Amino acid sequence: MFAHNLLIVQIPIPTEIPPAITAWLRNDRRLGMAHYACPAPELSADKPSPREPIARAEAPSRRADDRSAGRPAPAWHEPRPAPASRPAPETMFGEADAAPPRSAPRPLPIADRADLAPLNDRDLSVEEAAAALAELDRAAVKNCTTCRLHEKRTQTVFGVGHPRAELMFVGEGPGADEDAQGEPFVGKAGQLLTRMIAAMTLTREQVYIANTVKCRPPGNRTPVEDEMAACWPYLARQIAIIRPKLIVALGRPATQTLLATTEAISKIRGREFPFPPPSLATAGLPHCTLIPTFHPAYLLRSPDEKAKAWADLQIAMRFLGLKLPGK
Ligand code: SF4
């Protein structure tokens, strides 16, 4: 019995097939198996694989280490007693960050929507950008029923902040407070994010805050792949209008969507990635830098991780030319 009905063997052509392989092929044919020749994928040093930028960026960042060393922790990073060893509940914000996805890794199938206006391709004035964001929300997002998340929402949660912010935070999805108020990051995690922004010497009004999905997943569960893919065209348009210099992706779902990767957030947090990633290079998105870090809700449950998040934010501050505390 054979466990698989397709086996791919890559043999350089032209070449002489070794006797052992010849005997094996003959034996297969006796058993009724067929063999087909097909071209091997082009993988050479000249043509990097789509994952290359991630792999390259995984080299330890000396700058990150240097920057975080010796800096005083901000107010939101007061040491707290470690929580009991009870595992984090299976809820929506980053709790699975430490664990790799159970299914086989594959890029999220994000695609654009032909029925929406094309992505903005130029620098807009603050007024133009504000109007474009408002129109996107009014005309497309507010009444969107593209995915199942519309069924249980109170309202959509579009985004908030400066329409031409240099720094954009992208989280996962609205929670109960956000669903009730129509604004992202207004619950306990939102209050922590506000303190994190303040520690960066910024205000919520100076940055832009959005989520990967605009409707609350029922029970605060993590949005699934097809929901994030369905909502991606809206986030792509927000990014194309705002044209930030830096995106800070909060937690695993936002990071994996924006980088089209399945790498664990704990592996890639605090590193600078070029955005858009190669798989979205032709989407018409503006180019900027992306730094992943932990989601504030995860930090509320795992306060020991706040030091890492603060190190990540200092990298973001240095990138934006902001003065580091104590400097
Ligand atoms: S989550 Fe996004 S795609 Fe799904 S219904 Fe809401 S706005 Fe539409």
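Reading the values: rules and limits
- Residues numbered from 1 in each chain as written.
- Predicted model: local features only at pLDDT ≥ 70, side-chain atom pairs only at ≥ 80, totals over all residues.
- Helix = DSSP H or I, 4+ residues; strand = E, 2+ residues; numbered from the N terminus.
- Contact = placed C-beta atoms within 7 Å.
- Near = placed C-beta within 6 Å.
- Nonpolar A, V, L, I, M, F, W, Y, C, P; charged D, E, K, R; others polar.
- pLDDT = per-residue confidence, 0-100.
- Pairing = 2+ DSSP bridges.
- Buried ≥ 20, exposed ≤ 12 C-beta atoms within 10 Å, placed from the backbone.
- Axes fitted to C-alpha atoms, helices over the stretch in contact; angles between N-to-C directions.
- Expected span 1.5 Å × (residues − 1).
- Arc of directions from axis to C-beta.

Considering the overall build of the protein chain
Thought 1: The secondary structure content of the protein chain amounts to 11 helices and six strands.
Thought 2: Within the protein chain, contacts between residues separated by at least 24 positions form 78% of all contacts whose residues are at least 6 apart in sequence.

What to know about the site of the ligand
Thought 1: Among the 14 residues in the neighbourhood of the ligand, the closest are listed as Cys144, Cys147, His150, Cys215 and Cys231.
Thought 2: Each residue belonging to the shell around the ligand can be placed in one class, and the counts come to eight nonpolar, four polar and two charged.

Overview of the confidence of the model for the protein chain
Thought 1: Summing up the model confidence of the protein chain, the mean pLDDT is 78 and the portion of residues at 70 or higher is 66%.
Thought 2: Taken together, the stretch residues 11-15 has pLDDT below 50 and engages in one contact with residues farther than four places along the chain or on a different chain.

So, the pairing of strand S6 (residues 288-293)
Thought 1: Looking at chain direction, strand S4 (residues 246-250) and S6 are connected through five bridges and run parallel. Residue pairing across strands places Leu246 opposite Thr289, the latter belonging to S6.

Overview of the environment of Arg138
Thought 1: Examined against the element boundaries, Arg138 turns out to sit in helix H4 (residues 126-141).
Thought 2: A count of 11 C-beta atoms within 10 Å places Arg138 in the exposed class.

Describing the sheet that holds strand S3 (residues 208-211)
Thought 1: Read from one edge to the other, the open sheet built from six strands follows the order S1-S3-S2-S4-S6-S5, with strand pairing classed as mixed. What marks the edges here is a single partner per strand, and that holds for strand S1 (159-161) and strand S5 (273-275). Taken pair by pair, the neighbouring strands of this sheet meet at an average axis angle of 25 degrees, ignoring direction.
Thought 2: Pairing geometry for strand S2 (residues 167-171) and S4, over four bridges, is parallel. Note on S4: the bridge partner recorded for Phe169 is Val248.
Thought 3: Helix H11 (residues 306-320) contacts S2, S4 and S6 of the sheet and is inclined by roughly 165 degrees relative to S6.

Points about unusual backbone geometry
Thought 1: The amide bond that connects Phe275 to the next residue, Pro276, takes the cis arrangement and shows omega of 0 degrees.
Thought 2: Mapping Pro276 onto the fold places it in the loop between S5 and S6.
Thought 3: Although it is not a glycine, Arg243 adopts a positive phi angle of roughly 50 degrees.
Thought 4: Tracing the chain through its elements places Arg243 in the loop between helix H7 (225-242) and S4.
Thought 5: Phi angles above zero are rare outside glycine, and Ala260 is one such case at about 50 degrees.

Structural notes on the environment of Glu151
Thought 1: Mapped onto the secondary structure, Glu151 falls in the loop between H4 and S1.
Thought 2: Owing to 9 C-beta atoms within 10 Å, Glu151 belongs among the exposed residues under this scheme.
Thought 3: Here the alpha-carbon distance between Glu151 and Pro217, two residues 66 residues apart in the chain, equals 9.6 Å.

Some words on helix H6 (residues 188-199)
Thought 1: Look at H6: 17 Å from first C-alpha to last across 12 residues, which is about the 16 Å you get at 1.5 Å a residue.
Thought 2: For H6, every residue scored as buried is listed here: Ala189, Gly190, Leu193, Met196 and Ile197. Buried residues of H6, viewed axially, fall in a sector of 110 degrees; they line one side.
Thought 3: Check the buried side of H6 and you find it contacts S2, helix H10 (296-301) and H11.

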